[in-house]
Amino acid sequence: MNPSDFPAGMRGVPTQHAGLTLIELMVSITIGIVLSLGLVSLMVNASRSLRAHDDSAQMQDNATTAMRSIIDDLRLGGFYGIGANSLDVDNLNSTYSNLSVFTSDVSNDCTATVVTTRAWVFDLQSPIEYLGPQLTAPSKYPCISAANFQSGNPVLIVRGALNGESYLSTSGTGLAARLTNLKTQLSALSGFSTRVFIQSVTSEDPQTLLFKGSQFDNLAAANKIKTMLASDNSSTPAPVFEYQTHLYQVAPCSRMTGSDCSQSSDRRAIPTLFRWELQPGTNGPQFVAVPLAEGVERFSVMFGVDGVTFNADGTIAAPPWSSTPDGIVDRFVAPTDATIPPEFWARVIAVRVAVLVRSPSIQTYSDAGRSYDLDDDGTADFTCSASAEGGTQCNYLRRVFTQVAMLRNCSGRGGFQGGTAGSTPSVNSAC
Ligand SMILES: [Ca+2]
Ligand SMILES: [Ca+2]
């Protein structure tokens with residue numbers, strides 16, 4: 001038979017169906033699995049790296065917020081208006097005794113035992129209070145409960161016209177019209193009646209006036225609102241500033257409820273830098289804790305002093321000091337003395353703030369046993385302990401951020417006024 005005798009489909013090369021052998025099948029499945037694993041691993045890595053990147057950016061943001069707030073406040077610490085003498089204050093020294101001295105008006109005053117004659121938040125003679133550098137518990141400040149305090153941190157308090165915004169009335173003719181205009185500006189602020197304002201001028205005695213918004217009309221009627229120098233314009237009220245007291249502390253959680261900082265559904269167990277501040281309250285201002293920067297585990301404030309004498313062990317020598325300030329920082333210190341002489345603050349011209357920030361989320365990375373040095377003295381200020389926080393304590397990214405700033409405030413110009421209440425403050429006439 002010729003091949004042409006076969007039907008068309010049966011002609012030529014014998015037919016074989018090209019299927020996969022078992023070996024080929026196994027090889028292709030293996031390749032497929034390897035490729036899939038590679039892809040999954042790539043995606044996981046990309047996701048991890050994205051999260052680490054997000055965390056890193058958030059850490060930077062939190063560090064910047066923390067350092068900027070502290071430095072800005074220290075720059076304005078002790079600034080009470082355009083006058084110079086904060087030691088004699090209307091409303092506080094009973095010079096004008098028919099007005100409240102605020103001792104009973106402040107909610108949660110964080111009263112410290114050093115102040116007996118006035119609300120602690122109005123201790124104008126102490127523009128800065130510092131307790132540190134690494135406290136176990138801030139028992140001096142009863143508003144901070146032990147549960148709400150992350151040990152190993154200092155407490156920093158700054159007082160003054162801290163937002164720096166002034167209210168000045170020059171429109172209208174005559175004092176009465178300008179006072180009306182001033183009141184209009186101030187009363188536009190929410191909670192005006194229980195906000196606290198400060199005003200000071202060198203031409204009056206006492207130079208400084210501290211008042212609640214609700215007292216404005218009575219003070220104006222009694223001719224107690226400070227006016228500018230007579231040679232300038234006695235019919236112009238002196239600029240008014242909002243008075244603030246800020247207290248910085250680190251808490252183990254991002255939200256405080258009462259005295260409890262333990263973790264619950266609405267509270268994150270992430271260390272957070274809090275700033276207590278005066279807010280309008282019911283009868284007067286209330287001192288409340290506001291979360292400022294999450295992830296801040298430790299902060300350190302070192303004061304750059306000029307012309308302070310130290311003992312051999314590094315403690316501050318008893319004043320008076322023989323060294324003369326020359327405008328150049330001699331050294332940065334974080335005093336451990338419970339009582340810092342008031343003269344010390346008059347010699348602070350710079351500040352070095354450092355924060356140890358941890359990432360918001362848990363990472364695969366572990367820094368168990370790694371140490372962090374905030375004040376750059378070669379001694380660890382924080383070492384990660386793997387056993388803490390259910391064993392997750394070391395699974396965070398951590399970084400120390402540092403910023404140094406000169407203080408162009410009263411101190412930078414030659415001396416803070418003030419000191420601790422009851423002591424003789426160091427007042428520099430150039431300030
Ligand atoms: Ca010096
Ligand atoms: Ca250290």
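This section reports on the structure supplied with the text. Note that the structure is a prediction, hence the values are computed from the model and not measured. (Residues numbered from 1 in each chain as written. Chains lettered and ligands numbered in written order. Predicted model: local features only at pLDDT ≥ 70, side-chain atom pairs only at ≥ 80, totals over all residues.)

Section: the pairing of strand β6 (residues 208-212)
Regular strands have side chains that alternate between both faces of the sheet.
Then, in step 1: Counting buried positions along β6 yields five of five residues, so the element is predominantly enclosed.
Then, in step 2: Residue alternation in β6 divides its side chains into two sets, Thr208, Leu210 and Lys212 and Leu209 and Phe211, and both sets are buried.
Then, in step 3: Summarising the sheet, strand β5 (residues 196-200) and β6 pair through five bridges and their orientation is antiparallel. Paired with Ser200 across the two strands is Thr208, which belongs to β6. (Buried ≥ 20, exposed ≤ 12 C-beta atoms within 10 Å, placed from the backbone. Helix = DSSP H or I, 4+ residues; strand = E, 2+ residues; numbered from the N terminus. Pairing = 2+ DSSP bridges.)

Re the sheet that holds strand β12 (residues 331-333)
Then, in step 1: Read across the open sheet, the four strands follow the order β12-β11-β13-β16; overall the sheet is antiparallel. Only two strands of the sheet have a single partner each, and these edge strands are β12 and β16 (398-406). On average, each strand axis in the sheet is inclined to that of its neighbour by 25 degrees, with strand direction left out of account.
Then, in step 2: Sheet topology places strand β11 (residues 296-305) next to β12; three bridges connect them, and they run antiparallel. The residue of β12 that forms the bridge with Phe303 is Val333. (Axes fitted to C-alpha atoms, helices over the stretch in contact; angles between N-to-C directions.)

With respect to the sheet that holds strand β2 (residues 128-135)
The strands that make up a sheet pair up through hydrogen bonds in the backbone, lying either parallel or antiparallel.
Then, in step 1: With antiparallel pairing, five strands are arranged side by side in an open sheet as β2-β3-β8-β9-β10. Strands at the two margins of the open sheet, each flanked by one partner only, are β2 and β10 (285-294). Neighbour-to-neighbour, the strand axes of the sheet open up by a mean angle of 20 degrees, direction not taken into account.
Then, in step 2: Across nine bridges, the pairing between strand β9 (residues 272-280) and β10 is antiparallel. Counterpart to Trp276 in the pairing with β10 is Ala289.
Then, in step 3: Across the sheet, helix α1 (residues 22-76) touches β3 (153-160), β8 (244-251), β9 and β10, and the angle it forms with β10 is around 140 degrees. (Contact = placed C-beta atoms within 7 Å.)

Let's talk about the environment of Ser361
Then, in step 1: Positionally, Ser361 belongs in the loop between β13 (348-358) and β14 (371-372).
Then, in step 2: In this structure Ser361 comes out as partly exposed when scored by C-beta crowding, with 14 C-beta atoms within 10 Å.
Then, in step 3: Taking the C-alpha atoms as reference points, Ser361 and Asp55, separated by 306 residues in sequence, lie 7.1 Å from one another.
Then, in step 4: In this structure, Ser361 is in contact with Arg51 and Asp55, ignoring residues within four places of it in sequence.

Observations regarding the nonpolar core
Then, in step 1: If you look at the biggest cluster of nonpolar residues, it comprises 79 residues, and the most contacted ones within it are Ala66, Val301 and Val355.
Then, in step 2: Ranked by residue count, the leading element in this core is β13, at eight residues.
Then, in step 3: Look past the residues within four positions of Ala66 in its chain and what remains in contact with it is Leu273, Leu292, Ala293, Val296, Phe299 and Val355. (Core = buried A, V, L, I, M, F, W, Y, C linked by C-beta atoms within 7 Å.)

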